[in-house]
Amino acid sequence: MLYRLSLLSLCVFATTAMAESEATLDTIVVTGGGDRSVYDTAQPVTVLGSDDIAKNAGDNLGTLLESLPGVSNAAFGAGVGRPVIRGMSGSRVKILQNGTDTSDLSAMSSDHSPMAEPSAGEQIEIVYGPATLLYGGGAIGGVVNVIDGRIHEVIVPGLHGQVSTKYSTVDNGQHVEALVDAARGNWNLHLDGFTREASDYSSGEQGNVPAGNNSGKIENSDTSGSGGAIGLSWADGQTGFIGGALSTLEYDYAVPNLDGESFRVTPEQIRYDLKGAWTPVTGFIEELRTELTYNDYEHAETGHQDDNDALPIVDIGLFDKETWEFVTRLRHADVAGWHGHAGVQYSQQDLKLCHDHDGCDGIPENNTPWDGTLGFNLENSEREGDLYAHDTPMPLTETKQVGLFIVEHRDTGFGSVEVGARVDQITISPDPVSIAPEWRQQESYYDDYTFTPVTLSAAGTWLMDDEQRIGVSLARAQRAPEAPELFWNGDHHATFSFQLDNPDLTVETAHTFDINWIRNTENNEVRIAAYYYQFNDYIYNDLKPNKDRFHGNDVYRHEQADANFMGAEASWSRALSDSISFDISGDIVSAELADGGNLPRTPPASLLVGVDWESSQWQARAEARAVAEQTNTAENEDASDGYLMINASVGYQFLLADSELTVSLDGHNLTDQYAINHVSYLKRAAPMPGRDLRLGVRWTF
């Protein structure tokens, strides 16, 4: 029988018993500014350390983080998992690698994977509030920062490393990864790499399968990936460091669908990082840090020509993106009690793509003469006031962004105060050279677009006593529309959808309020957070009631309307003895348009209860995660049933001479529950995996 849990019961429980995350309170927020602990920051912060990452069975960021309160997984089959924070996704959740943008296209479309590999991470931070201004504008939902330690900033003496492997039964998955750090004198060398491969997975068999949903063996759900990096740095522990890294990352994953068609996405990325910091012993400047990153990203989407299975599989979409990012920031000594960062950030993104039914051989350039008028074919494809294009769906675009920011912190007699400000100038320059003239808009459509979003943020803490504090955060945040939201008009084969353009989009503005409470005693850690976000001109991808005229697929268009988000997150962990502890966490979010109606793919409420046991070298955990049914749906959106997942794990650590060997067995969805992820665009085609047993071995030296 399909498990159902009411939204009301979760709401009452989540707002009266618990709080925000599983991170320990003494964890240092390295990139959040000021090297302060989670307890000392006013805004909510979640930090996962290397042990938390290693224990989690997730192969992507979405599956790794989705059990945390306030975080969901915008999955697109097994190959894609992008975090959704407090019901917000896409560009409102910025994904970083070591503090700079991953520069992929995951915010553009749900089938594009984030190019941030969690297996290489030493620490993952989820940051809200003023500290997000250090990393770029528009991160209203928050920042997910994967720290991999490839460029060491301090001397790491000796030789250290790790080799691990795991096998999963639900998809015959195999994963191997390794890393090593070596130092000589002031020089640090880092090497890491991974490879994994998985076949089609199976959904759960217990429970009701909604009409029209996939079940059993999910065809076109296999995945593979590989990557590696080399990093070299010099550090003296006093005056600073300088270093660089070269990394590569490749994924290859199929797209599940109800028609059984063979579509794949194959992203590749080469990333170059150069960064350094000068830390004078005395004076006004405590640290001057500069980072330069270049990303060369490309992915192909493959399928049968003209959706005809009798024809060979070819590239039907090619996306190419090159990004330069430069950021320099200064951390200064106390000035009238204030301490913080100020800096400048510059980035340039060049995006070119094609969607060619005859296959893409590079990015095409159309040199046919054009008189600047609306194309004949486009003019004759009007339907209900919208123009439907059937050529390369988006012009070449160059996006330049210059940002100035400042984030300051001051300790007070009652706690602390944090303030931040950021202003960006963003210029998007489109070029229709890749589009045939008969499918082009009028010449003025391709004029430059310039936006100037401004964000102001303030937060504070009140120390109630030695064990508890309250934090409050306020912000007026703005986000500019991005090139794909403005200009994409055409098929997107891998998502089985048609996306309409909207060049009339303007800057969206959010007024946010967040209050959180932490109580930390010897045996208890309690957190509660509540928030309210009021948006003016919120940009959302609206599902239209009609189908596209070329393939009969769903039609989407980015629209703007005022919207409100409100919700709560809570957690409570308690040590019952030296060997046994338990934890409870939950979240709930409501996302509605101000004029009425729900926003699409709003995460349902969830609740997790777990028990941990440790004894000598043994570790074990059992947990139950309940997700409520979601009936608060947008127009033209289906409701989703709730479900209950039972998970358990056990591990044993062998203590060797100068190393450790850990063997673990993890069981996920032990009752083989059939479940769908409401946040996923493919919830009907790609239900969640069924019973999965994972055997892992990790050697740390």
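Residues numbered from 1 in each chain as written. Predicted model: local features only at pLDDT ≥ 70, side-chain atom pairs only at ≥ 80, totals over all residues. Heavy atoms only, no water.

Undergrad: So what's going on with the nonpolar core? Residues and values would help.
TA: Note on soluble globular proteins: their nonpolar side chains tend to be buried together. One finds Met 108, Val 255, Met 394, Ile 428, Phe 451, Leu 486 and Phe 487 to be the most contacted residues of the largest nonpolar core, which totals 44 residues. Mapped onto this core, the elements with two or more residues apiece are strand 12 (240–254), strand 15 (313–335), strand 16 (338–354), strand 20 (415–431), strand 21 (449–451) and helix 5 (483–487). (Core = buried A, V, L, I, M, F, W, Y, C linked by side-chain atoms within 4.5 Å. Buried < 20%, exposed > 50% of the residue type's maximum accessible area, 1.4 Å probe, protein only. Helix = DSSP H or I, 4+ residues; strand = E, 2+ residues; numbered from the N terminus.)

Undergrad: So what about the packing of aromatic side chains? Which residues, and what values?
TA: Ring pairs (aromatic) are described by centroid distance and by the angle formed between their planes. Within the structure shown, the criterion is met by 21 aromatic pairs. Centre to centre, the rings of Tyr 445 and Phe 487 are 5.7 Å apart; their planes meet at 65°, and the pair counts as edge-to-face. Here Tyr 445 is found in the loop between strand 20 and strand 21, whereas its partner Phe 487 is found in helix 5, with 42 residues between them in sequence. The exposure class assigned to Phe 487 is buried, which follows from its relative accessible area of 1%. Centre to centre, the rings of Tyr 538 and Phe 565 are 5.4 Å apart; their planes meet at 50°, and the pair counts as tilted. With Tyr 538 in strand 27 (residues 524–547) and Phe 565 in strand 28 (residues 554–575), this residue pair connects regions lying 27 residues apart in the sequence. We note that Tyr 538, like Phe 565, is buried. By way of ring pairs, the aromatic residues Trp 370, Tyr 445, Tyr 446, Tyr 449 and Phe 487 are connected into one cluster. The ring of Trp 370 has Arg 440 lying over it, and the distance from NZ or CZ to the ring centre is 4.9 Å. (Phe/Tyr/Trp six-rings, centres within 6.5 Å; stacked < 30°, edge-to-face > 60°. Lys NZ or Arg CZ within 6 Å of the ring centre and 35° of its normal.)

Undergrad: Let's hear about the pairing of strand 3 (residues 81–85): which residues, and what values?
TA: Most of strand 3 sits out of view: five of its five residues are buried. Across five bridges, strand 2 (residues 71–75) lies against strand 3 in antiparallel orientation. What sits directly across from Ala 75, in strand 3, is Gly 81. Linkage of strand 2 to strand 3, two consecutive antiparallel strands, is achieved through a turn of five residues, within which Gly 77 is found at a positive phi near 80°. (Pairing = 2+ DSSP bridges.)

Undergrad: Before we move on, could you go through the sheet that holds strand 7 (residues 142–147) and cite the residues and values that matter?
TA: Strand order in the open sheet made by the five strands is 1-6-7-4-5, with mixed pairing throughout. Single-partner strands in this sheet number two, and they are strand 1 (45–48) and strand 5 (100–101).

Undergrad: I'd love a proper account of the pairing of strand 9 (residues 173–184), names of residues and values included.
TA: One face of the sheet, then the other: side chains in a regular strand alternate in exactly this way. Alignment of strand 8 (residues 159–168) against strand 9, held across 10 bridges, turns out to be antiparallel. Pairing of Tyr 167 across the sheet is with Gln 174, part of strand 9. If you look at the hairpin formed by strand 8 and strand 9, you'll find four residues sitting between the two strands, and Asn 172 has a positive phi there, around 55°. By the bridge criterion, 11 bridges tie strand 9 to strand 10 (residues 187–198) in an arrangement that is antiparallel. If you follow Val 176 over to strand 10, its bridge partner there is Thr 195. The antiparallel hairpin formed by strand 9 and strand 10 contains two residues in its connecting segment, where Gly 185 sits at a positive phi of about 65°.

Undergrad: Would you mind going over the environment of Pro 545 in detail, with residue names and values included?
TA: Checked against the element boundaries, Pro 545 lands in strand 27. The sequence separation of Pro 545 and Ser 429 amounts to 116 residues, and the corresponding C-alpha distance is 32 Å.

Undergrad: Please set out a nonpolar patch on the surface residue by residue, giving values where relevant.
TA: There is a patch of nonpolar side chains on the surface, built from Leu 576, Ile 580, Val 611, Trp 613, Trp 618, Val 650, Leu 665, Leu 693 and Leu 695 and spanning about 760 Å² of accessible area. Elements with a contribution of two residues or more to the nonpolar patch: strand 30 (606–615) and strand 34 (692–700). By the element assignment, Val 611 lies in strand 30. (Patch = residues over 30% accessible without salt bridge, like charges linked within 9 Å, V, L, I, M, F, W, Y side chains within 5 Å. Areas by Shrake-Rupley, 256 points an atom, 1.4 Å probe, with all protein chains shown as cover. Salt bridge = Lys/Arg side-chain N within 4 Å of Asp/Glu carboxyl O.)

Undergrad: Please set out the environment of Glu 629 residue by residue, giving values where relevant.
TA: Here Glu 629 lies in the loop between strand 31 (618–627) and strand 32 (643–655). Taking relative accessible area as the criterion, Glu 629 reaches 25% and is therefore assigned partly exposed.

Undergrad: For the environment of Leu 682, give the residues involved together with the corresponding values.
TA: For Leu 682, the location among the structural elements is in the loop between strand 33 (660–668) and strand 34. Setting aside residues up to four positions removed in sequence, Leu 682 forms contacts with Phe 76, Gly 77, Val 255 and Pro 256. (Contact = heavy atoms within 4.5 Å.)

Undergrad: Can you break down the confidence of the model for the protein chain residue by residue, with the values?
TA: Mean pLDDT over the protein chain: 89, with 90% of residues reaching 70 or higher. Note on residues 1–30: pLDDT under 50 across the span, and 106 contacts to partners over four residues away in sequence or across chains. (pLDDT = per-residue confidence, 0-100.)

Undergrad: Just give me the short version of empty space enclosed by the protein, but keep the residues and values in it.
TA: It is the rolling of a water-molecule-sized probe over the atoms that shows where space remains empty. By the definition in use, this model includes 12 cavities of 30 Å³ or more. Looking at the largest cavity, its volume works out to about 730 Å³. The wall of the largest cavity is formed by 42 residues, among which Lys 94, Asp 101, Gln 349, Gln 401 and Glu 482 lie closest to the centre. Only strand 4 (93–97), strand 15, strand 16, strand 19 (396–411), strand 20, strand 23 (468–479) and helix 5 provide two or more residues apiece to the lining of the largest cavity. If you tally residues by element for the lining of the largest cavity, the top one is strand 16, at five residues. Of the residues contributing to the lining of the largest cavity, the split by class is 15 nonpolar, 17 polar and 10 charged. (1 Å grid on protein atoms, 1.4 Å probe; cavity = no way out; pocket = protein on both sides within 12 Å on 5 of 7 lines; lining within 4 Å. Points joined across faces, edges and corners; volume = space filled by probe spheres on them. Nonpolar A, V, L, I, M, F, W, Y, C, P; charged D, E, K, R; others polar.)

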